[in-house]
Each structure stands twice: as structure tokens, then as C-alpha cells.
Amino acid sequence: LREYPAPPMVFYQEVALKWSSREDVKPMSTITSHMSYGGESDPGHPFSTTLVTKRPSFLWSTSKWLVDGKVIVSQKDQMPWFHAHRKFCQGAWIFAASPEELGLTRDLLQKVDDNTNQYQPTGFNDLVWNPEGNNPVKALIERVENSKAGMESLKCWLMGSEAEKVLEYVNGTDASSDYPESWQQNWRESWYDRAGELHCDPWSFGKG
């Protein structure tokens, strides 16, 4: 019994959830591999550019695995996935080697010299390799073939083609607090093109 008038009664409930599987499962994670750009105060690594020249050119990035594991390959699920707009991407190659081991040394890099985009001015780290001649892919392959790592280190590849072009659906966004970063805001709900599918050989790797 409670004397009248009595304050409202407050009840508390604690709920604990434990997820389990009917089958044995293995842990899975994702990795985003590209040198980051931290803005004017922290421009980041010279490989962090996403700017290319109007003529054929290469840019590259490098990173290390943080744990032992293997790459999950599924063409149906587009895994692994490579961000490749058809407008500027002709191909992509992923090697289990550092740029130096592939013969891709920094002395090959030159500053982008034909950028006229007023909204993305050329920065000091916008560096690319413009091979001489009319077959840049051949120039890349020849350099890698004569390198320490060689083409044996090639694990994944993509070549833009009409036969393998793919579309990726992107949900629309607005400028509300649900999307705190400016790059997340005001996306138009639509299908966006990708140059092609990424193909990979079985790839198990060690930390580092």
C-alpha cells in the first residue's frame, strides 16, 4: 500500500542479447586500401591523390595487412570491390608487393599538369606516372615483369570493358544531421557506373 498522493512508480528492465549461429562461423572484416587525404592541415601521403591527367596515367597506393587472413572472392557479390568510374578508369591491378618491389619508384611521378577544375585545384601530392608511348598498360607490365616481385605477385585485376561494365545503386541523401560529413550529403538516388568487374586469384596473406 502507498499513501495518496504518491509519486509515480518507476520500473527498470535490463535485457541482454547473445547472438549465436546454428553453424560454425569464421570472423570476417573489411579493409579500405587507399592513402588518405587529411585536408589542408594534414595533406597526407604523396600517394593520396585521386586526380589524374586527361592523357593516360597511373596512380598507386600501398598498405599492409594488419592480421593474417585471406581475401573472400565472390563475383556474385562483387567482392572484392574496386571504386572505378568508367569515365576515367581503364584498369586496376593489385599486387602482393610494395611499389618499390614492383619497380614503381617515386622518381616516375610527376605533378598533374592539365587540371582545369576550379573546384579541385591541383595539390602538391597530386602525382601520377605518364608513361611515354601510346600503350601505357604495356609500359606498366614491362616494368613489373622486370622488377623484384614480378607478375607472380599479381593477385587481382580489372580491365574496363563493355562486356563487364557494372552498375551500383546508391541511395539518395539530404543535408540533415543523419549525414554529418559533407561528402555524404545530397547524393541523388541513382545507378552509378563502374568500369568493370574485379577478378582475383585465391589470396591468403600474413600480417604485415
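Above this text is the structure in question.
Reference entry: report on the structure contained in this document. (Residues numbered from 1 in each chain as written. Predicted model: local features only at pLDDT ≥ 70, side-chain atom pairs only at ≥ 80, totals over all residues. Heavy atoms only, no water.)

**Some words on the state of the cysteines**
Link 1 in the chain: Summed over the entire model, instances satisfying the criterion amount to one disulfide.
Link 2 in the chain: Bridging C156 to C200, the disulfide has an S-S length of 2.0 Å. Between C156 and C200 the sulfur-sulfur dihedral comes to about 110°; the bridge is accordingly right-handed. Placement of C156 in strand β5 (residues 154-159) and of C200 in strand β8 (residues 199-200) is noted, with a sequence separation of 44 residues between them.
Link 3 in the chain: The thiol of C89 is not disulfide-bonded; the next cysteine sulfur, from C156, is found 14 Å away.
Link 4 in the chain: Judged by its relative accessible area of 12%, C89 falls in the buried class. (Disulfide = S-S within 2.5 Å. Helix = DSSP H or I, 4+ residues; strand = E, 2+ residues; numbered from the N terminus. Buried < 20%, exposed > 50% of the residue type's maximum accessible area, 1.4 Å probe, protein only.)

**Digging into the sheet that holds β5**
Link 1 in the chain: Pairing is antiparallel across the open sheet formed by three strands, whose spatial order is β2-β5-β8. In this open sheet, the two edge strands, each paired with only one partner strand, are β2 (91-95) and β8.
Link 2 in the chain: When β5 meets β8, the two strands line up antiparallel, connected through two bridges. Of the residues in β8, the one forming a bridge with W157 is H199. (Pairing = 2+ DSSP bridges.)

**Let's talk about helix α1 (residues 136-145)**
Link 1 in the chain: Inspection of α1 places P136, V137, A139, L140 and V144 among the buried residues, and these make up the whole buried set. With its buried residues spanning 160° around the axis, α1 presents them on a single face.
Link 2 in the chain: Along its buried surface, α1 packs onto β2. (Arc of directions from axis to C-beta. Contact = heavy atoms within 4.5 Å.)

**Some points on the pattern of salt bridges**
Link 1 in the chain: Taken as a whole, this structure holds two salt bridges when the rule is applied.
Link 2 in the chain: In this structure, the salt-bridge partner of R55 is D113, at a minimum N-O distance of 3.0 Å. Here the residue R55 occupies a position in the segment before β1 (69-70), and D113 occupies one in the loop between β3 (110-111) and β4 (127-128), the gap between them amounting to 58 residues.
Link 3 in the chain: The salt bridge involving R55 is made with D114; its shortest N-O contact spans 3.6 Å. A residue pair is termed long-range when its members are at least 10 positions apart, and R55 in the segment before β1 and D114 in the loop between β3 and β4 qualify at 59 residues.
Link 4 in the chain: Residue classification places R55 among the partly exposed positions, given a relative accessible area of 36%. (Salt bridge = Lys/Arg side-chain N within 4 Å of Asp/Glu carboxyl O.)

**Examining unusual backbone geometry**
Link 1 in the chain: Residue Y4 is joined to P5 through a cis peptide bond whose omega torsion reads -5°.
Link 2 in the chain: If you trace the backbone, P5 turns up in the segment before β1.

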